[in-house]
Amino acid sequence: MLKRLTPAPLFWFTAAAIAVAALLPLWVSGYVLGLLTVAYYFGVFSMSWDLLFGFANEVNFGPTFLLGLGAYTAGIVDNRFGLPIWICIALGTLAAIVAGLVLALPALRVSGPYFSLTTVVAVLILQNLIVVFADLTGGEIGLTVPDVISIDAATNYWLALGFMVISGAILFTLSRSAVGLILQASGQDKVQAGALGFNVTKHKLVAFLISAFFSGLGGALLVFYMGTASVSTLIDVAVGVQIIIAAVLGGRRTIIGAAVGSIFLIGLTEALRPTGELATLIVSITALLVVLFFPNGLFGMIARRERA
Amino acid sequence: MRAETMPRERAETTVQGQAAARPCLSVEGLTKRFGGLVAVNRLDMTLHRGEILGLIGPNGSGKSTVMKLIMGLERPTSGAIKLDGEDIAGLPSHKIARKGVGLVFQHSRPLRRQTVFENIKLALLPDSLLKLFADPEVDERAKAIAERVGLAKVLDRRPATLPFADLRKLELAKAIARNPRVVLVDEPFAGLTQSEMAAFADLIGTFRAEGRAVLLVDHNVKSVAALADRVIALYLGERVAEGTAAEVMRNETVRRVYLGGEIRTYARAEASFQSAEPLLQVKDVSVFYAKAQALERVSLHVHEGEFVSVIGINGAGKTTLFNAISGFVPFSGEIAWAGAPLRGKSAAAIARGGIVQCPETRELFADMTVREHLNLGGHRLTRAESDERRSWLFDLFPILKERQKQNAATLSGGEQQMLTIARALMTKPRLLILDEPTLGLAPVILEQISNALEHLRRTTSITMLLGEQNVTFALPHADRIYVLEHARIIWEGPPARFAEEMGTGYL
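As the structure is a prediction and not an experimental result, all values here were calculated from the model.

A. Spatial organisation of the overall build of chain A. Helix and strand content of chain A: 16 helices and two strands. Radius of gyration (C-alpha) of chain A: 19 Å, near the 19 Å computed for a compact globule of 308 residues. Going through the 308 residues of chain A one by one, you find that 50% of them count as buried. At a minimum sequence separation of 6, the contacts of chain A that also span at least 24 residues come to 77%.

Given below as structure tokens:
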């Protein structure tokens, strides 16, 4: 059973990569650590998104709706009531799950392109609400939270890495489990999955809520790392697209690929910083080429070769 | 404990205890309307344990709809579907499946990235979110099922690498895995060779031996005759005959539906066209869809001005043949049009060259008016030509003139078919391909379309290739007939000889 779960070379490669990542604070600058910390959080967002796209076969254009709710709820609770950080984080996660349920219940009835459109609209509504209730949310200027988890770059880095590794392990196991198999069947052919006795809507809904849990938790943790939250860094549709591109770049249906894609994307943007305005363009073109010519992504190509 | 894990011995004793007393499945006054179309009309039907019932009917007769209604893939408009006395009509399909109804899909749709083993295992899993890992006995049961259907050797292969017959067995394995009381099998033998059919029939026979109730849904009596204990024939949503296969085959109504009562033919001898080389020459054409061979070395020819009918039941390969000619599917072999090969030409170029197809699905634009459809068909004609052509078509199909401003979606089925033909004729084709124009149409409409085709034959030089399963409709409009069965041409000749040589064997 374990052998089936962990294709040996891939497992050892991943373990080695995590070990190297864990030792990075020993010789890497604080600036790079900060960059990777954010990349790891976005890795979790991408992995959560892959559960929906790769397995449930639903394109969610609103990953930022979920993570934004987690981040803003946690931040506002901290701002207003000064509750302990872990309670703020728990409340943020809860808010993402509840909002996810409210959104997904009606949206999954229409699955397919209409589901996707619903999720885009959810992001736009959240964006508007944040601007309308500016006195609570900080509006366009952004929200500043008084507390942070830690001011030590290495601590924050390890927390983000640990969060990503644990989330990744859970999501990966889930995707390879019996439940993951039913989810894939529901995504690939809902008529046949129904005829086999599976409640397709239930499975997709739970997948969405799991996605909401990790996105909301990640968003809440992120806000206490950055100390701020703003529409342009967390909510904007462009941020969502970045999460999606990372997952596709890394490789659909691989979960781990999504995290790799996220780190790669943020790393590439940083490496191209000297090119100035061109950086975004080059990253976008790279993403476009990968999607067009390697739709299985970087990790998908490796996994396929191993299988063959 | 779930019903699926009930040991087989117990299942069998229960069955014998209640044998034949009460029907396992009973359908009462089942009706399904799609808008104005009545697909199934007040149907009554029973199915007992250990019985194989054949539900047959031509395309559009409502048999597939009945199957979907039982499985819960469509909601009935009214009526009851009782499974051991419990009404399951209108429940979602996953609930019906859990109550003990299984469906063997005609088209295999396995999980592509999983192995055969995992595909069977999927069907054995409970609908639970908490069971992350399947019980260990699930693996054993999946292997046992694979053994039973003959997939034991290919357990670790992916579906894409399997031959077509194995994919069908996989569908059967998935149905067995749910241990259903009622098994619905959609077109059990479509696309299988003779020996594969025998193996498949044996497997379905074991369902009966286990006391399951089996419903075979198929086009004609012949294919289910050997297996079915009883046959019900449907036509236009109503039951027209019931009995043993032999009785149904002898039934007058059934014969009329499939063969037509009195067949009139007006064939012109082929010799009268043989002045030149054929306009369309199809030679040794084969087409594969993934694993399934849809056409096998098919050859036929059509002369300029000739009306040729290709007769075959659904799934025989008619549409594939027409799509190969129209350039929609890749093929091996040769197709020549007016002496020049068609290979490598785009579908658009072939259409501009004068071959126009009226597909069986009609492909009308729901929100465009009749007039707009005709204008679209005539977009390459000059204003004057277009006007003249249109008024000629309005003479041919007067009803379309009245309907000019209506959207296609609001037309009746017959009017839609007329519009499809009219739109094709607007392009001034040299060869008109009609794919099952009679699909789901009432006899009175058939007569109108029939008259229009006869008018075309007498007054124009147009060439026509007609694909039909309705022999009554096909024969009068044919100078020559080809019969397509299981992807091959099995007969060719004039319509007069068809009735003698093929007529009875065609039910």
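B. Structural view of the sheet that holds strand β1 (residues 25-34) of chain B. All names here are of chain B. Read across the sheet, four strands follow the order β2-β1-β4-β5 without closing on themselves; strand pairing throughout is antiparallel. Every other strand in the sheet has two partners, leaving β2 (37-47) and β5 (86-87) as the edge strands with one partner each. Pairing between β1 and β2: seven bridges, direction antiparallel. What sits directly across from Leu25, in β2, is Leu47. Contacts between helix α2 (residues 63-71) and the sheet are confined to β1, β2 and β4 (78-83), with β2 contributing the most and set at about 65 degrees to the helix.

C. Spatial organisation of the packing of helix α3 (residues 30-55) of chain A against helix α11 (residues 200-226) of chain A. Residue and element names in this part refer to chain A. Contact geometry for α3 and α11: axes closest at 9 Å, N-to-C directions at 170 degrees. For the element pair α3 / α11, the angle class is roughly antiparallel. Facing α3, whose interface residues are Thr37, Tyr41, Val44, Phe45, Ser48, Trp49, Leu51, Leu52 and Phe55, α11 presents Ala207, Phe208, Ile210, Ser211, Phe214, Ser215, Gly218, Leu221, Leu222 and Tyr225. A class-by-class count of the residues in the contact of α3 with α11 yields 14 nonpolar, five polar and no charged.

D. Region of interest: the pairing of strand β11 (residues 280-289) of chain B. Residues and elements named next belong to chain B. When β11 meets strand β14 (residues 332-337), the two strands line up antiparallel, connected through five bridges. The residue bridging Val282 from the neighbouring strand is Ile335, located in β14. In the sheet, β11 pairs with strand β12 (residues 292-302) via seven bridges, with the strands oriented antiparallel. Bridge pairing in β12 places Val282 opposite Leu300.

E. Representation of the pairing of strand β13 (residues 307-311) of chain B. Residues and elements named next belong to chain B. Burial analysis of β13 places five of its five residues in the buried class, which makes it a mostly covered element. Here β13 shows a buried face lined by Phe307, Ser309 and Ile311 and a second buried face lined by Val308 and Val310. Judged from the five bridges that link them, β13 and strand β18 (residues 463-468) form a sheet pairing that is parallel. The residue of β18 that forms the bridge with Ile311 is Glu468. Inspection of the sheet shows β13 paired to strand β19 (residues 480-485) by four bridges, in the parallel sense. By the bridge assignment for β19, Val308 is matched with Arg480.

F. Structural view of the sheet that holds β19 of chain B. Residue and element names in this part refer to chain B. The strand order across the open sheet formed by six strands is β16-β17-β18-β13-β19-β20, and the pairing between neighbours is mixed. Of all strands in the sheet, those bounded by a partner on one side alone are β16 (355-358) and β20 (488-493). The sheet shows a mean angle of 20 degrees between the axes of neighbouring strands, taken without regard to direction. Here helix α11 (residues 318-325) sits on the sheet and contacts β13, β16, β17 (431-435), β18 and β19; the angle it forms with β17, its principal contact strand, is near 150 degrees. Docked against the sheet, helix α16 (residues 413-426) engages β16 and β17, running at close to 170 degrees with respect to β16.

The rules behind the values
Residues numbered from 1 in each chain as written. Chains lettered and ligands numbered in written order. Predicted model: local features only at pLDDT ≥ 70, side-chain atom pairs only at ≥ 80, totals over all residues. Helix = DSSP H or I, 4+ residues; strand = E, 2+ residues; numbered from the N terminus. Rg over C-alpha atoms; globule rule 2.2 N^0.38 Å. Buried ≥ 20, exposed ≤ 12 C-beta atoms within 10 Å, placed from the backbone. Contact = placed C-beta atoms within 7 Å. Pairing = 2+ DSSP bridges. Axes fitted to C-alpha atoms, helices over the stretch in contact; angles between N-to-C directions. Parallel < 35°, antiparallel > 145°, perpendicular 65-115°, else oblique. Nonpolar A, V, L, I, M, F, W, Y, C, P; charged D, E, K, R; others polar.

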